[in-house]
Amino acid sequence: MAKWGMVFDLRRCIGCNACAVACKQENSLPDGVFFTKTLSEEVGEFPQVTRTYVPTICNHCEDAPCERVCPTGATYARPDGIVMVDRDKCIGCGTCIVACPYDQRTRLEPEMLRQGLFGGGRLTPFEEQGLTRFTVGTVVKCTFCHERVDAGLQPACVATCPTEARIFGDLDDPASRPRQLIQERRGRQPLPEKNTNPRVFYID
Amino acid sequence: MIASNGRIADGGFRVGVGLQKAWGLHMATAFFFGEAGAGLYFVSQFFDFLLGMGVGLLMVLFGKAGGHLLHLGQPLRGWRALTKVRTSWVSRGLAAIVVFVAAGALHVVDVDADVLPAAASQLVAAVALLSCFVIMVYQGFAMSHSSAITLWSGGLMPIASLTYALLNGVLLTLVLGFDAPFLADHPDTVRLLQVAAVALMLYGLVTVLSLLHGARHGSEAGRQSVSLLLHGGFARWFVPLVLLLGFVVSALTMLVAPPDFAWMLAVAGLELTGYYAFRVLMFKAGSYDPAISFAYRFRH
């Protein structure tokens, strides 16, 4: 069984946020909800100042604190490591949100599902069909586009990235590209001190 | 000039510390009533003080459970939270509330009408007291368990919960039971409870300061949280309400107060105001570390 994971190549990321747009489109995400974001930061000291870009996403942690603290079992990990939320079990207590060190979960508030992205307070036909996959008051997060992955495709953000800064694959396969990149370029996990063992790595 | 993070990103597309917004006023109110009600019941049961036990039960049943129901996104599915007692402190807390309300109510009826045989009566009292104790501490564990938020995860949160719960219990017992025989006829008991309250206030103050100290040196987010509480936007509430009114002024007032109902009421009011502010501000100032940042490397 594959163990899916992702590598972010920080040298390649140009901060275009095409990944965030593709994700919103693929998952019909409501207003104010993002499963992935590319953050920016200015670092350095004048005159040597530069801007860096940091893509973020659910890290599908091996020891996921969100799964551990969930009081209903709504958050669970699939055998391939993808951490999911069962919307029929979620009670919207938010415990998983405060337990996730990466702030990658969102509770769907009623106004998010009422107002469309295009103003006027009305939903487009695309939004109407897309929002049926959500339940108000429950928590949502990135699923590595599990339907695409199950069909043998890459997650939407990976397929869209114009610079191939996002590399997705089986971390258990020594021949897979993400695994090789992690080994060759000493990939590091976000906030390793939180002991969650993320399946997302950064290389620079 | 150094360009660095260390700023509050607050949901934007910037690297920085993010404030948590998942737990807010409803949860703070639920936590407030949970620790105040359970503390009142806990202290009252030692004196078989029926009014205190009854009010404590009602505070937990309506205040705490009501606050949680208002907070939930799907309140009708709330019963599902009982299903993961092995791993989740929220599940454990809900189980404790259910057991406490049942056993506590039975114990109140038993104390009032003597309906149970001696052995069963003792068992019910013990179960009520044990579940009450769990409610007094579990909220601290639920917060402390979240390693994501440095302000909460230092390990002192359960101690703060227990201290506040006992303090609330002692003060509310002094107010509600002021004219009851167990206090009115025993001035030594009143004095003992007053000394206990002052000791708990001092202990609570040191616990809260230690909690801030630990968070301040724990991580960037912890430093930002403490800065918000002591110097930033929340300082105008945290310092005067939580630290001064909640501990210092109420302890000094209790030390000099004559054994008078109005004074007891004033001290309880001051302390409970500080405690509610503590609960609200702990949620508001809780923050996440940036997942990854390069500013630190540049700076050092």
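These figures come from a predicted structure and were not determined experimentally. (Residues numbered from 1 in each chain as written. Chains lettered and ligands numbered in written order. Predicted model: local features only at pLDDT ≥ 70, side-chain atom pairs only at ≥ 80, totals over all residues. Heavy atoms only, no water.)

**Student:** Would you mind showing me how to read the overall build of chain A here?
**Tutor:** Each helix and strand in chain A was counted, giving eight helices and nine strands. Relative to a compact globule of 204 residues, whose C-alpha radius of gyration would be 17 Å, chain A shows 17 Å and is just as compact. With respect to the principal axes defined by its C-alpha atoms, chain A has extents near 45 × 40 × 35 Å. For chain A, restricting intrachain contacts to residue pairs at least 6 apart in sequence, the fraction spanning at least 24 positions comes to 61%. If you sum the accessible surface of chain A, you get close to 9,000 Å²; carbon and sulfur atoms cover 50% of it. (Helix = DSSP H or I, 4+ residues; strand = E, 2+ residues; numbered from the N terminus. Rg over C-alpha atoms; globule rule 2.2 N^0.38 Å. Contact = heavy atoms within 4.5 Å. Areas by Shrake-Rupley, 256 points an atom, 1.4 Å probe, with all protein chains shown as cover.)

**Student:** Looking at this structure, I do not really get the nonpolar core. What am I missing?
**Tutor:** Generally speaking, a soluble globular protein has its nonpolar side chains buried in company with each other. Ranked by internal contacts, the top residues of the largest apolar core, which has 81 residues, are L151, F238, F278 and M282 of chain B. Ranked by residue count, the leading element in this core is helix α10 (residues 261-285) of chain B, at twelve residues. Listed in part, the 30 residues of the second largest apolar core include L39, I82, L131 and V149 of chain A. (Core = buried A, V, L, I, M, F, W, Y, C linked by side-chain atoms within 4.5 Å. Buried < 20%, exposed > 50% of the residue type's maximum accessible area, 1.4 Å probe, protein only.)

**Student:** Would you mind showing me how to read the sheet that holds strand β8 (residues 166-170) of chain A here?
**Tutor:** Strand pairing in a sheet relies on backbone hydrogen bonds, with the paired strands running either antiparallel or parallel. All names here are of chain A. Strand order in the open sheet made by the three strands is β8-β1-β9, with mixed pairing throughout. Of all strands in the sheet, those with a lone pairing partner are β8 and β9 (200-203), marking the two edges. Adjacent strand axes in the sheet meet at a mean angle of 25 degrees, parallel and antiparallel pairs treated alike. Pairing geometry for strand β1 (residues 4-9) and β8, over five bridges, is antiparallel. Of the residues in β8, the one forming a bridge with M6 is F168. Along the sheet, helix α8 (residues 177-184) makes contact with β1, β8 and β9, crossing β8 at roughly 110 degrees. (Pairing = 2+ DSSP bridges. Axes fitted to C-alpha atoms, helices over the stretch in contact; angles between N-to-C directions.)

**Student:** Explain the interface of chain B and chain A here, please?
**Tutor:** In many analyses, interface size is given as the accessible surface area lost on bringing the parts together. Facing the 46 residues of chain B at the interface are 50 residues of chain A. Of the roughly 4,000 Å² buried between chain B and chain A on both sides combined, carbon and sulfur atoms contribute 56%. Among the ionic pairs, E42 of chain A bridges to R14 of chain B, the shortest N-O distance being 2.5 Å. At the junction of chain B and chain A, the tally comes to 21 residue pairs in polar contact (both at pLDDT 80 or more). Listed by contribution, the elements that provide at least two residues to the side of chain B that touches chain A are β1 (2-3), α3 (89-113) and α11 (295-299) of chain B. Residue contributions to the side of chain B that touches chain A peak at three residues, all from α11 of chain B. Residues belonging to the side of chain B that touches chain A are distributed by class as follows: 21 nonpolar, 18 polar and seven charged. (Buried area = accessible area lost by both parts, 1.4 Å probe. Salt bridge = Lys/Arg side-chain N within 4 Å of Asp/Glu carboxyl O. Polar contact = N/O pair within 3.5 Å; in protein donor to acceptor, adjacent residues only side chain to side chain. Nonpolar A, V, L, I, M, F, W, Y, C, P; charged D, E, K, R; others polar.)

**Student:** I'm lost on the side chain of Q194 of chain B in this one. Help?
**Tutor:** Along the chain, the position of Q194 of chain B falls in helix α7 (residues 187-216). Within the local environment of Q194 of chain B, its side chain forms a polar contact with the side chain of R191 of chain B, the two groups lying 2.9 Å apart.

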